[in-house]
Amino acid sequence: MHRTHRVVALTLLLALALAGCRREADVADAGTADSPAAPEAAVGGTAAAEGPVRLEDVMESDPRYILGISYPPGMERYPGLAAELKRYADAARGDLMEAVEAHDPAAGSAGIPYDLTLAYEVLMDTPTVVAVQAWGTLYTGGAHGNPLVARFVWLPQRDEMLRAEALLADPGGWDEISAFVRDSLHAALSQRLDADAVEPADRAKLMGSGSRMIDDGTTPEPGNFAQFEPVPGEGGRLRALRFVFPPYQVGPYSDGMQTVEVPASVLLPHLAPEYRDLFVAG
């Protein structure tokens with residue numbers, strides 16, 4: 001039961017163990033040199049008040065659960081970003097442990113152990129933009145785990161996270177972005193159904209239900225476009241944003257994660273002035 005899910009969890013835990021060994025070797029090679037000084041300031045003063053955030057890989061297991069969290073090296077350079085990564089991981093871990101504690105022993109061991117696998121990967125690291133993706137699965141019972149999909153776009157020169165809520169100068173700009181994304185997702189859905197050679201009657205039903213999910217998941221509001229990653233262009237600027245939609249938002253679980261790349265030409269007329277220089281014009 002849940003064989004594939006368990007294999008993914010154990011694979012990540014093995015990777016974490018190897019990374020930990022490499023990290024210990026690096027520390028040994030470094031000798032007893034002092035740790036780097038903490039940054040002078042942090043976003044909102046939080047990190048300065050609470051001390052620097054340390055991102056340490058986590059491996060835990062007992063008969064009830066398996067837990068593996070892997071952070072990318074070097075993100076402590078950006079205390080605000082590091083705090084966001086840790087906050088996301090801590091929330092996922094909290095959800096896992098809440099389910100573990102709530103499990104009724106009288107229900108037996110069906111579905112146990114629960115597990116959480118979470119890994120971060122750096123997608124882009126430049127003086128102006130640092131982007132990190134989170135991927136993984138949280139399993140707390142049922143037919144399959146809940147996918148963990150998140151993106152973090154940090155602007156080092158501004159010392160802030162780039163968020164959908166602040167991306168546009170006018171919320172009305174989401175209308176055009178939403179329309180662009182919907183057209184792309186509808187076209188992709190049609191192409192998938194054509195490739196599967198679905199019978200006409202079934203195709204009409206699937207196209208109708210799929211289109212409704214797309215429309216519901218892309219209404220023109222920032223919350224529906226909260227997950228995005230930068231697409232690098234010329235001169236160190238961005239040529240697009242790739243919006244990321246987890247399973248269930250714009251399609252059934254079987255469709256997996258879906259993405260739509262929105263070019264700078266669509267974004268620029270609506271961007272807040274402070275973010276326009278990040279993108280390639282024209």
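Within each chain, residue numbers correspond to sequence positions counted from 1 in written order. Residues qualify for local features only when their pLDDT is at least 70, as the model is predicted, and side-chain atom pairs are given and counted only at 80 or more; totals for whole chains, interfaces and linings, by contrast, use all residues. Calculation of side-chain values draws on the structure's entire complement of heavy atoms; hydrogens and water are dropped beforehand.

Looking at an unreviewed UniProt entry, the protein carries the name DUF3298 domain-containing protein, with the source organism given as Luteimonas colneyensis.

### Examining the overall build of the protein
Secondary structure elements follow DSSP: runs of H or I of four or more residues count as helices, runs of E of two or more count as strands, with numbering from the N terminus. Scanning the protein for helices and strands turns up seven helices and nine strands. Evaluated residue by residue, the protein yields a buried proportion of 39% over its 282 residues. In what follows, residue pairs with any heavy atoms lying within 4.5 Å of each other are defined as contacts. Long-range contacts, defined here as pairs at least 24 residues apart, represent 61% of the contacts in the protein between residues at least 6 apart. Per-residue accessibility, obtained with a 1.4 Å probe over protein chains only, is compared with the maximum for each type, and a residue is labelled buried under 20%, exposed over 50%, and partly exposed between these values.

### Comments concerning the packing of helix α5 (residues 174-195) against helix α6 (residues 200-217)
Here α5 crosses α6 at 155°, and the two axes come no closer than 10 Å. Of the possible angle classes, the one that applies to α5 and α6 is roughly antiparallel. For the pair α5 and α6, the crossing hand works out as right-handed. Judged by residue contacts, R182, L185, H186, L189, S190, L193 and D194 of α5 engage R203, L206, M207, G210, S211, I214 and D215 from α6. Polarity classes work like this: nonpolar for Ala, Val, Leu, Ile, Met, Phe, Trp, Tyr, Cys and Pro, charged for Asp, Glu, Lys and Arg, and polar for all others, with Gly in that last group. Split by residue class, the contact of α5 with α6 holds six nonpolar, four polar and four charged. Axis definition: a line fit to C-alpha positions, over the contact stretch in the case of helices; interaxial angles, taken between N-to-C directions, run 0 to 180 degrees. In these notes the angle categories are as follows: under 35 degrees is roughly parallel, over 145 is roughly antiparallel, 65 to 115 is roughly perpendicular, and the rest is oblique. When the near helix sits turned anticlockwise from the far one by under a right angle, the crossing is termed left-handed; a clockwise turn instead gives a right-handed crossing.

### Re the sheet that holds strand β6 (residues 160-161)
When DSSP finds at least two bridges between two strands, those strands are taken to pair. Reading across the sheet, the six strands line up as β1-β2-β3-β4-β5-β6 and stay open at both edges, with mixed pairing between neighbours. Both outer strands of the open sheet, β1 (58-62) and β6, are each paired with one neighbouring strand and no more. In terms of strand pairing, β1 meets strand β2 (residues 65-70) through five bridges, oriented antiparallel. Note on β2: the bridge partner recorded for M59 is G68. Packing of helix α3 (residues 79-102) onto the sheet brings it into contact with β1, β2, β3 (114-125), β4 (130-139), β5 (146-155) and β6, and relative to β3 it is tilted by some 165°.

### Some thoughts on the nonpolar core
Residues I177, F243 and F279 are the most contacted members of the largest nonpolar core, which totals 35 residues. Elements represented by at least two residues in this core include exactly β5, α4 (164-167), α5, α6, β8 (238-245), β9 (258-263) and α7 (264-267). The element best represented in this core is α5, accounting for six residues. In contact with F279, other than residues within four places in its own chain, are R237, L238, A240, L241, A264, L267, L268 and L271. Think of a nonpolar core as a cluster: buried Ala, Val, Leu, Ile, Met, Phe, Trp, Tyr and Cys residues, connected wherever their side-chain atoms sit within 4.5 Å. Grouped together as the second largest cluster of nonpolar side chains are 31 residues, V53, L67, Y71 and A92 included.

### Topic: the sheet that holds β9
The antiparallel open sheet is built from three strands, whose spatial order is β7-β8-β9. If you trace the sheet from one side to the other, it starts and ends with β7 (228-232) and β9, each paired once. Across the sheet, the axes of successive neighbouring strands diverge by a mean angle of 25°, strand direction being ignored. Two strands pair when backbone bridges link them, and β8 and β9 are joined in this way by six bridges, in the antiparallel orientation. By the bridge assignment, L241 is partnered in β9 with V262.

### Here we look at the UniProt feature "domain: DUF3298" (unreviewed entry) in the protein
UniProt positions are given in the numbering used here, feature names are shortened, and annotations may be inferred rather than shown by experiment. UniProt records the feature "domain: DUF3298" (unreviewed entry) at residues 240-264, using the numbering of this structure. A distance of 5 Å separates the end C-alpha atoms of residues 240-264, which is 4% helix and 48% strand.

### Considerations on the pairing of β3
Across six bridges, the pairing between β2 and β3 is parallel. Following the sheet pairing, I69 is matched in β3 by L118. Bridge count for β3 against β4 is ten bridges, and the pairing is antiparallel. Across the sheet, the residue bridging to A119 is W135, located in β4. Once β3 ends, the chain turns through four residues before running back antiparallel as β4.

### Quick notes on the side chain of H270
Relative to the helices and strands, H270 resides in the segment after α7. Excluding anything up to four places from it in sequence, H270 contacts L167, L168, A169, D170, G173 and E176.

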